[in-house]
Amino acid sequence: MWGAVVVGVGTAGWVRIRDMLVPLPGSPAANLSVKGFISRRSLDPHQGVGQISAEEAISREDIHVAFVCTENLLHEHNVRTFLQAGKHVCVEYPMTMSCGAAVELWDLAQEKGVILHEEHIELLTEDFKALKREVQGKILQDGTLHFTGGALKPGFGFAAFSGVARLTWLVELFGELSVTAATMEEDSDNHYSKMTAKLLTSDNRPLTWIEERGPGLPRSKNINFHFDSCTLTQIPPAPRGDVGLFMQDLVHFSAKLAGQRKNTWRGLQYGRQLFTKRETFGRGGTKSLLCKS
C-alpha cells in the first residue's frame, strides 16, 4: 500500500480524496490509501480523512505519495518540497509556470529515484480519443486548431503556457513539432488576447495553433485538418466514458508506482525547446511567445 496526502482541497483535491477512497476495482489505484490532507485553512475531517500539517506529511514514513492540487503558482514549491523529502508526486497541470523549473523538478525526481507525474486529463477525454482514431493512418497536408475561451485569469501564465494542453493534442496527433513564428494580439482594456503560432511537423507539413480568449467567447476547439484523403472540420462526437477522467489519471499514476507503466514525461521531449522565453519583436503588443532555446 502507498500512503498518500492531498495538498490543497479545492475541487481537484476533493476529487482525489474521493477516488482514493473508492478506487477502480482491480486497478493499481486500489493500493493507494489516503492518510490526510493539507490546507492553509482549518477544516473539519472530510469523508473520514483528517487535516495534517506539511511537516507531518513529510516526516511520516507511512506517507509515500503527495497529490499537489493547489493554485498553479504554488505547484512548483510544493512539488519540490515533497520530492526533496523522497516522496512520489502527482501534480495537477501545470507542474510549474516555466519550462526551466519543470525540467529541474524532473531531474530532481530522477535523482531521488521517485515518480513525478503531471496530470493531463485533456489526453484522456473521449473526444480526443475519437479524434486520434480518426486521424490514424492519414497523411496530413496542413491544418488548424483554434481554441476559444473566456478571458485568461491572472496567475494562469501567458497564453502559450496556459494553452499547452492544445499543443499536446497536436503533438500526440502529428508527432514532433517545430515553431516557425508566433504572434500575440492583446487588448488589455477589454481582456482580449489572441495568440497565433505557426508550426511544422517533422515532414514539413504546416499547422496553425490559435488561442483566442475574451469575455463572452465560448469554450470550444475548432479544427480544420486537411489530409491526403479527406478534410476534418469537426471533432468526432463520442459518448461519455464509464471511468472518470481523474480516475483514469489516478490509475495511470498508480501503475507507474507499481512499475506497470513507464515513468516518462512527454513534455520533456519538446519542453526544452518551447515556452522558454518571450521576446518582443514588434510594436502594438505583438510578441513572440514561442521560440527555441
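Here is a short report on the structure shown in this document. Please read these numbers as outputs of a predicted model, since none were measured by experiment.

About the thresholds
Residues numbered from 1 in each chain as written. Predicted model: local features only at pLDDT ≥ 70, side-chain atom pairs only at ≥ 80, totals over all residues. Heavy atoms only, no water. Pairing = 2+ DSSP bridges. Helix = DSSP H or I, 4+ residues; strand = E, 2+ residues; numbered from the N terminus. Axes fitted to C-alpha atoms, helices over the stretch in contact; angles between N-to-C directions. Contact = heavy atoms within 4.5 Å. Core = buried A, V, L, I, M, F, W, Y, C linked by side-chain atoms within 4.5 Å. Buried < 20%, exposed > 50% of the residue type's maximum accessible area, 1.4 Å probe, protein only.

### Here's the deal with the sheet that holds strand β1 (residues 2-7)
The 5 strands are arranged β2-β1-β3-β4-β5 in an open sheet whose pairing can be described as parallel. Since the sheet does not close on itself, it has two edges, and those belong to β2 (32-38) and β5 (116-118), each with one partner. Averaged over all pairs of adjacent strands, the angle between their axes in this sheet comes to 20 degrees, without regard to strand direction. Two elements, β1 and β2, share 6 bridges in a ladder whose sense is parallel. Each residue of the ladder has a partner; that of Val5, found in β2, is Gly36. Against the sheet, helix α1 (residues 11-21) makes contact with β1, β2, β3 (65-68) and β4 (88-91), and its axis sits at roughly 150 degrees relative to β2, the strand it touches most. Contacts from helix α8 (residues 245-257) reach β1, β2, β3, β4 and β5, with the element oriented near 160 degrees to β4.

### Quick look at the nonpolar core
The nonpolar side chains of soluble globular proteins are, as a tendency, buried together. Membership of the largest hydrophobic core comes to 27 residues, with the highest contact counts inside it found for Leu131, Leu170, Phe174, Leu199 and Phe225. Elements with a contribution of two residues or more to this core: α5 (126-135), β6 (140-149), α7 (164-174), β7 (177-187), β8 (192-201), β9 (206-213) and β10 (220-227). Every residue in contact with Leu170, bar those within four places of it in the chain, is listed here: Leu145, Gly175, Leu177, Leu199, Trp209 and Phe225.

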